[in-house]
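# Notes for the structure review
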Amino acid sequence: MSTYKVGYFIGSLSSTSINRILASALIKLAPDDLEFVEIAIRDLPLYSQDYDDDFPPEATAFKEAISAVDAVLFVTPEFNRSIPGALKNAIDWASRPWGQNSFDHIPAAMIGASVGKLGTAVGQQSLRAVLSFCNARQMTAPEAYIQYTPEGFGEDGTVNDASTEKFLRKYMLEFRNHIHRVLTVLPR
Ligand SMILES: Cc1cc2nc3c(=O)[nH]c(=O)nc-3n(C[C@H](O)[C@H](O)[C@H](O)COP(=O)(O)O)c2cc1C
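How each quantity is defined
Residues numbered from 1 in each chain as written. Predicted model: local features only at pLDDT ≥ 70, side-chain atom pairs only at ≥ 80, totals over all residues. Heavy atoms only, no water. Phe/Tyr/Trp six-rings, centres within 6.5 Å; stacked < 30°, edge-to-face > 60°. Buried < 20%, exposed > 50% of the residue type's maximum accessible area, 1.4 Å probe, protein only. Helix = DSSP H or I, 4+ residues; strand = E, 2+ residues; numbered from the N terminus. Polar contact = N/O pair within 3.5 Å; in protein donor to acceptor, adjacent residues only side chain to side chain. Salt bridge = Lys/Arg side-chain N within 4 Å of Asp/Glu carboxyl O. Near = heavy atom within 4 Å. Areas by Shrake-Rupley, 256 points an atom, 1.4 Å probe, with all protein chains shown as cover. Nonpolar A, V, L, I, M, F, W, Y, C, P; charged D, E, K, R; others polar. Contact = heavy atoms within 4.5 Å. Pairing = 2+ DSSP bridges. Right-handed = clockwise from strand over helix to strand, strands pointing away. Core = buried A, V, L, I, M, F, W, Y, C linked by side-chain atoms within 4.5 Å.

## A short note on the packing of aromatic side chains
We describe a pair of aromatic rings using the distance from one ring centre to the other and the angle between the two ring planes. Throughout the structure, instances matching the rule amount to 9 aromatic pairs. On the numbers, 5.4 Å between centres and 20 degrees between planes, the contact of Y148 with F153 is stacked. Its relative accessible area of 13% is what places Y148 among the buried residues. Residue classification places F153 among the buried positions, given a relative accessible area of 6%. Through a chain of ring-to-ring contacts, three or more aromatic side chains come together here, namely F9, F62, F74 and F103.

## Observations concerning unusual backbone geometry
Cis rather than trans, the peptide bond between R96 and P97 has omega equal to -5 degrees. Mapped onto the secondary structure, P97 falls in the loop between α3 (85–95) and β4 (107–114). The omega torsion of the bond from A141 to P142 falls at 0 degrees, within 30 degrees of zero and hence cis. One non-glycine residue with positive phi stands out, namely N80, at about 50 degrees. N80 gets classed as exposed once you look at its relative accessible area, which sits at 79%. The phi dihedral of H105 falls on the positive side, at around 65 degrees, and the residue is not glycine. Structurally, the position occupied by H105 is in the loop between α3 and β4.

## Structural notes on the environment of T184
Position of T184 among the secondary structure elements: in helix α5 (residues 162–185). Within polar-contact distance, the side chain of T184 engages the backbone oxygen of H180 at 2.5 Å.

## Observations regarding the pattern of salt bridges
Across all of its chains, the model carries 6 salt bridges by this definition. Salt-bridge contacts for R176 lead to D33; the nearest nitrogen and oxygen are separated by 2.5 Å. Of the two residues, R176 sits in helix α5 while D33 sits in the loop between α1 (18–29) and β2 (34–38), which places them 143 residues apart along the sequence. Neither R176 nor D33 differs from the other in exposure class; each is buried. We note a salt bridge from D92 to K88, for which the minimum N-O separation is 3.0 Å.

## Topic: the environment of D54
Mapped onto the secondary structure, D54 falls in the loop between β2 and α2 (57–67). When the C-alpha positions of D54 and G99 are compared, they lie 15 Å apart, and in sequence the two are 45 residues distant.

## With respect to the site of the ligand
Inspection of the region around the ligand gives S12, S14, S17, I18, N19, P77, E78, F79, N80, R81, S114 and V115 as its neighbouring residues. Between an oxygen atom of the ligand and a main-chain N or O atom of I18, the distance comes to 2.9 Å. In this structure, an oxygen atom belonging to the ligand sits 2.8 Å away from a side-chain N or O atom of N19. Burial of the ligand by the protein chains amounts to 69% of its free accessible area of 610 Å². Taken together, the residues of the shell around the ligand break down into 4 nonpolar, 6 polar and 2 charged.

## Some points on the side chain of T76
On the secondary structure map, T76 appears in the loop between β3 (71–75) and α3. Residue class for T76 comes out buried when judged on its relative accessible area of 2%. Ignoring sequence-local partners within four residues, the contact set of T76 consists of G11, N19, P84, L87, I111, G112, A113, T120 and L127.

## What about the pairing of β2?
In the sheet, strand β1 (residues 4–10) pairs with β2 via 5 bridges, with the strands oriented parallel. In the strand pairing of β2, K5 is matched with E35. Remark: the β1/α1/β2 crossover connection has right-handed handedness.

## Observations concerning the nonpolar core
In terms of nonpolar packing, the biggest core is built from 31 residues, with L22, L73, I111, F153, L168 and F175 touching the most fellow members. Among the secondary structure elements, those contributing two or more residues to this core are β1, α1, β3, β4 and α5. With 7 residues, α1 is the single largest residue contributor to this core. Residues in contact with F175, not counting those within four places in the same chain, are V6, A71, V72, L73, A108, A109 and M139.

Structure (structure tokens):
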């Protein structure tokens, strides 16, 4: 069985991000044949087409980081029923310059935690639309909408609720299988 390298994006810039806690939980619960590396979005300037002929070093490094992984995982909050601007900015960088879209055919999955009951469901629909245009190969099932409570998760990503832990473990197993299926027909 192959080992796959997963680059993950945290859609939040918050120092107390619940989505960063969720990402820690996912890494702990993932199958052993997945390796994880965070692809940080924090240092990217705001994208403009003016950069297309001469990308700044932060953006070049960002695109190289995506090239170096087999798949991507988005762990993101919902902001105003969509995705955070910082994440959209990062996706815009990855998609350019024209003809050098870093997400073309890449296996991808998304998950998010919210303090609200909808658990980022609406934001994820926005993200799906964007990644669809970017031609990413999205896992469409299972979906994962997590309502975060301080009792449910430890700050280190420990999951205190057994049914949530089981669900997240299964989610990561399904993502691993999705990566395998996509790369079997569309090797990177
Ligand atoms: C600008 C802003 C917009 C938000 N919009 C939503 C929203 O549309 N839906 C939702 O469930 N929570 C929303 N929230 C609350 C977030 O779920 C909450 O702040 C959460 O902690 C963000 O995730 P993070 O801790 O990983 O940054 C919003 C928060 C902010 C700061």
